[in-house]
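Below, each chain spelled out in residue letters.
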Amino acid sequence: MLSNLVSQLKQAGQSDKLDEVLAEVPRVREDAGYPPLVTPSSQIVGTQAVLNVIGGERYKMVSKEFKGVVRGEYGSCPAPISDEFRKKIIGDEEPITCRPADKLAPELDSLREKCAQYIEQDEDVLSYALFEQVALKFFEYRKNRKYGIDANSDAASGVHTV
């Protein structure tokens, strides 16, 4: 977290304000309901502290990620967030009061359909879901190797072999 704060201040040409930012971090954390200082929330709180200091006014500039913390996208925080503060940060947007993942639509079946022609094992669907472009190149490479198609054009597939 500290190295990110230093880097952000350096980029803004305000490296001399590190002590102010370090003093601002606990205030931001308190306002946001004491999110734990672990990644990613530590980076989000730290970035907001930097924005508060370099902006010259608390919450004049608010990062999208900080709005997400206040909205509840990262789950609930240990302490309640005041309604007044929440309104200042997210306006009239509805806060998330349930488990955030419950708002995600199921997509495994549709992903399975999209990559059906390539599936040789269950992990292929996960590879496609997480790394679509890379997975498709790999699936093509694997198919070509399996059937001896274009065996000499590994470079064309984008997959590098050693």
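Residues numbered from 1 in each chain as written. Predicted model: local features only at pLDDT ≥ 70, side-chain atom pairs only at ≥ 80, totals over all residues. Heavy atoms only, no water.

Engineer: Give a description of the overall build of the protein that names residues and reports values.
Structural biologist: The number of helices and strands found in the protein is 9 helices and 0 strands. Each helix and strand of the protein, ordered N terminal to C terminal, gives the series α-α-α-α-α-α-α-α-α. Relative to the globule expectation of 15 Å for 162 residues, the C-alpha radius of gyration of the protein, 23 Å, shows a markedly less compact shape. Seen through its principal axes, the protein has C-alpha atoms that stretch 65 × 40 × 20 Å. Per-residue burial for the protein yields a buried fraction of 31% across its 162 residues. A separation threshold of at least 6 residues defines the contact pool for the protein, and within that pool the share at least 24 residues apart is 42%. (Helix = DSSP H or I, 4+ residues; strand = E, 2+ residues; numbered from the N terminus. Rg over C-alpha atoms; globule rule 2.2 N^0.38 Å. Buried < 20%, exposed > 50% of the residue type's maximum accessible area, 1.4 Å probe, protein only. Contact = heavy atoms within 4.5 Å.)

Engineer: Can you tell me about the packing of helix 1 (residues 2-11) against helix 3 (residues 41-55), naming the residues and giving the values?
Structural biologist: Describing two packed helices takes the angle between their axes plus the distance from one axis to the other. The contact between helix 1 and helix 3 brings their axes to 10 Å, and the two run at 30°. With respect to each other, helix 1 and helix 3 are oriented roughly parallel. Once helix 1 is placed against helix 3, the crossing between them reads as right-handed. Contacts between helix 1 and helix 3 involve Asn-4, Leu-5, Gln-8 and Leu-9 from the former and Gln-43, Gly-46, Thr-47, Val-50 and Ile-54 from the latter. (Axes fitted to C-alpha atoms, helices over the stretch in contact; angles between N-to-C directions. Parallel < 35°, antiparallel > 145°, perpendicular 65-115°, else oblique. Left-handed = near helix turned anticlockwise from the far one by under 90°.)

Engineer: Account for helix 3, with residues named and values stated.
Structural biologist: For helix 3, spanning 15 residues, the distance from its first C-alpha to its last is 21 Å, which sits close to the expected 21 Å at 1.5 Å a residue. Among the residues making up helix 3, those that are buried are Ser-41, Ser-42, Ile-44, Val-45, Gly-46, Gln-48, Ala-49, Val-50, Leu-51, Asn-52 and Val-53. Residues of helix 3 that are buried in the fold lie against helix 1, helix 2 (18-31) and helix 4 (64-71). Looking one or two places after helix 3, you find Gly-56, whose phi comes out positive at around 75°. (Expected span 1.5 Å × (residues − 1).)

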